[in-house]
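Residue-level listing of the chains:
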Amino acid sequence: MIAVINLSESGVQGGIVSLEDGDTETTLIHSTEKKTTAGGAIETFSELNSSVDGVIKELLDDKKIPILKKSFLTKSPLQEFVFIIDSPFQHNYLSNISFSSEKPFKISHTFMEKMLAEKIPEAENAPALIKEKEDSLEFIKKDVIETILNGYPARRFDEVEARNVNLSLFNSVAPKELLESLQSQVEKRVGSPSVRFFSRAEADIAFLNHFRKKRLYKYVNINMSETLVAFVDGGVIKKISYVWQGYSDLIQRIAKEFDVPDFVAVSYASMYFSGECEKSFSKKIEELILFGIQLWELEYEKNMSIIPQEVYLNSNSHTEESFRQILTKKHPEVKVSALRELYADSTGYSANDKVLEMAISNFFVKQIYGLKEKGD
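Model, not experiment: these values are computed from the prediction.

Explain the sheet that holds strand 7 (residues 152-153) to me, and be specific about the residues and the numbers.
In any sheet, the strands associate via hydrogen bonds between backbone groups, in a parallel or an antiparallel arrangement. The sheet built from four strands is open, its strands ordered 5-8-6-7 with antiparallel pairing. In this open sheet, the two edge strands, each paired with only one partner strand, are strand 5 (91-106) and strand 7. Taken together, the eleven bridges between strand 6 (residues 137-149) and strand 8 (residues 161-175) define a ladder with antiparallel strand orientation. Note on strand 8: the bridge partner recorded for Ile148 is Asn166. Along the sheet, helix 4 (residues 109-117) makes contact with strand 5, strand 6 and strand 8, crossing strand 8 at roughly 45°. Contacts from helix 6 (residues 176-187) reach strand 6 and strand 8, with the element oriented near 65° to strand 8.

Pasting the structure below:
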């Protein structure tokens, strides 16, 4: 059994996943969540830790698990925990390291490991929460995604001679204090657990790559306070950038204009997107939302240097159509799809806002543990 816990600005979601082969509907044994009240955003590590603690406690509470599914835990106690962390509590970026010599030298795994070990975490272009902890960041992931020897891509390098080595890396970093806190929260309730950390982007892109291995596609993930834009070609991440605007910016603009709390602004936005507002009131909301979306569009235009074959959008159901229209306008020659649509087409199951994140996390966990999923 594995506990999968998603951390994001909108809250913490956890589930218990069976390691047995099968589809997502039968292997998600139990799930729970600690979402923020009325759509607000988690803004501090202490608030995040509090929500994580509540989720872990409920996942381990026998009374919360359906009676018909308790037999799964009897056969396999919960000892493995996978945390999937989203921005702004972690940060993804690409980087390069290189080494040159006048004379050819043999490349070895030891040499490569030394090059990687010398690379330290960076916080350039990261969200404020990461920059504040720049001196104590740790790598969640530091993977070589491309190796260039003497100017040419190389798949094999051990014992090969070269004068120049260039490594392209996918990096994911998070504050050490956050990772240590998550580890300790598990350890205080579970003896000798296995704890692993991944980024939300890594999970989502691994899911996309599973079905779009040879494609050049763009992934646009609109979060609460920022938007991740990633270009992937043949399963390799070629570019990662961020638009520092998201759904909460729209909410805060409405809250300020109407002088109401965020939870009221969330209800106003929901009423507007669902078409339930009176005409005069809807027009006022529309002006604010369209202004915010136009600002997002201007920032997004900076990511137009690569034209993909497909674009995949991940946004909440309220704003999905509005942002899809922008992406369709920006990429009229390519297919623009929602991530939830790919999930439904590929697995045969529909997934709304509440379950999509956990469903893809479940799929990702099965990939990293070498299990098959429906659609393979």
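Describe the packing of helix 7 (residues 200-211) against helix 12 (residues 339-347), with residues and values.
Their axes nearest at 11 Å, the elements helix 7 and helix 12 cross at an angle of 50°. What the angle tells us is that helix 7 and helix 12 run oblique. The way helix 7 lies across helix 12 gives a crossing that is left-handed. Across from Phe207, Leu208 and Phe211 in helix 7, the residues of helix 12 making contact are Leu339, Leu342, Tyr343 and Ser346.

Which residues make up the confidence of the model for the protein, and what values do they have?
Of all residues in the protein, 90% have pLDDT values of 70 or greater, and the mean over the chain is 86. Predicted confidence in the protein is weakest over helix 1 (residues 24-27), with a mean pLDDT of 47, and strongest over strand 9 (residues 194-199), with 96. Note that pLDDT drops below 50 for residues 22-26; the model gives that stretch 13 contacts with residues more than four away or on any other chain.

Which residues make up unusual backbone geometry, and what values do they have?
In this structure, Pro88 follows Ser87 across a cis peptide bond, with omega equal to 10°. Within the secondary structure, Pro88 sits in the loop between strand 4 (80-85) and strand 5. One non-glycine residue, Asn150, lies in the positive phi region at around 50°. One can find Asn150 in the loop between strand 6 and strand 7. Positive phi values are uncommon outside glycine, yet Ser192 reaches one of about 50°.

So what's going on with the pairing of strand 4? Which residues, and what values?
Where burial is concerned, most of strand 4 is hidden: five out of the six residues are buried. Two strands pair when backbone bridges link them, and strand 4 and strand 9 are joined in this way by six bridges, in the parallel orientation. Residue pairing for strand 9: Glu80 is matched across the bridge by Ser194.

Just give me the short version of the environment of Arg156, but keep the residues and values in it.
Along the chain, Arg156 turns up in the loop between strand 7 and strand 8. Given the relative accessible area of 68%, Arg156 is considered exposed. Distance from Arg156 to Gln90, taken between C-alpha atoms, is 31 Å for residues 66 residues apart in sequence.

Quick one: what's the story with the packing of aromatic side chains, residue by residue and with numbers?
Tallying each qualifying case throughout the model produces 18 aromatic pairs. With centroids separated by 5.2 Å and ring planes inclined at 70°, the aromatic side chains of Tyr272 and Phe273 adopt a geometry described as edge-to-face. Relative accessible area serves as the criterion here: at 16%, Tyr272 is assigned to the buried category. An aromatic cluster of at least three residues, connected via ring pairs, comprises Phe207, Phe211, Tyr343 and Phe363. Lying across the ring of Tyr369, Arg196 places its NZ or CZ 5.4 Å from the centre.

Please give an account of the pattern of salt bridges that cites residues and values.
Applying the stated criterion to the full structure yields 18 salt bridges. As a salt-bridge pair, Lys188 and Asp53 come within 3.2 Å of each other at their nearest N and O atoms. Here Lys188, found in the loop between helix 6 and strand 9, pairs with Asp53, found in helix 2 (residues 45-59); they are 135 residues apart in sequence, far enough to count as distant. What makes Lys188 exposed here is its relative accessible area of 55%.

Basis of the calculations
Position numbers for residues start from 1 in each chain and track the written sequence from start to end. In keeping with the model being predicted, local features are shown solely for residues with a pLDDT of at least 70 and side-chain atom pairs are shown and tallied solely at 80 or more, while totals for entire chains, interfaces and linings include all residues. Excluding hydrogens and water, the side-chain values take into account all heavy atoms of the structure. Strands are treated as partners if at least two bridges between them are detected by DSSP. Numbering of helices and strands runs from the N terminus; a helix is a DSSP stretch of H or I covering at least four residues, while a strand is a stretch of E covering at least two. Contact between two residues is taken to exist if any of their heavy atoms lie within 4.5 Å; hydrogens are not considered. All axes here are fitted lines through C-alpha atoms, helices being fitted over the stretch that makes contact, and every angle between N-to-C directions spans 0 to 180 degrees. These descriptions rest on fixed angle ranges, namely under 35 degrees for roughly parallel, over 145 for roughly antiparallel, 65 to 115 for roughly perpendicular, and the rest for oblique. In a left-handed crossing the near helix is turned counterclockwise from the far helix by less than a right angle, and in a right-handed crossing that turn is clockwise. Note: pLDDT gives the predictor's confidence per residue, expressed from 0 to 100. Buried residues are those whose accessible area, probed at 1.4 Å on protein chains only, stays under 20% of the maximum for their type, while exposed residues exceed 50% and partly exposed ones sit between those limits. Only centres within 6.5 Å qualify two rings of Phe, Tyr or Trp (six-membered ring in Trp) as a pair; their planes then separate them into stacked at under 30 degrees, edge-to-face at over 60, and tilted for everything else. Think of it as a cone above the ring: NZ of Lys or CZ of Arg counts as a charge over the ring if it is within 6 Å of the ring centre and within 35 degrees of the ring normal. Any carboxyl oxygen of Asp or Glu within 4 Å of a side-chain nitrogen of Lys or Arg constitutes a salt bridge here.

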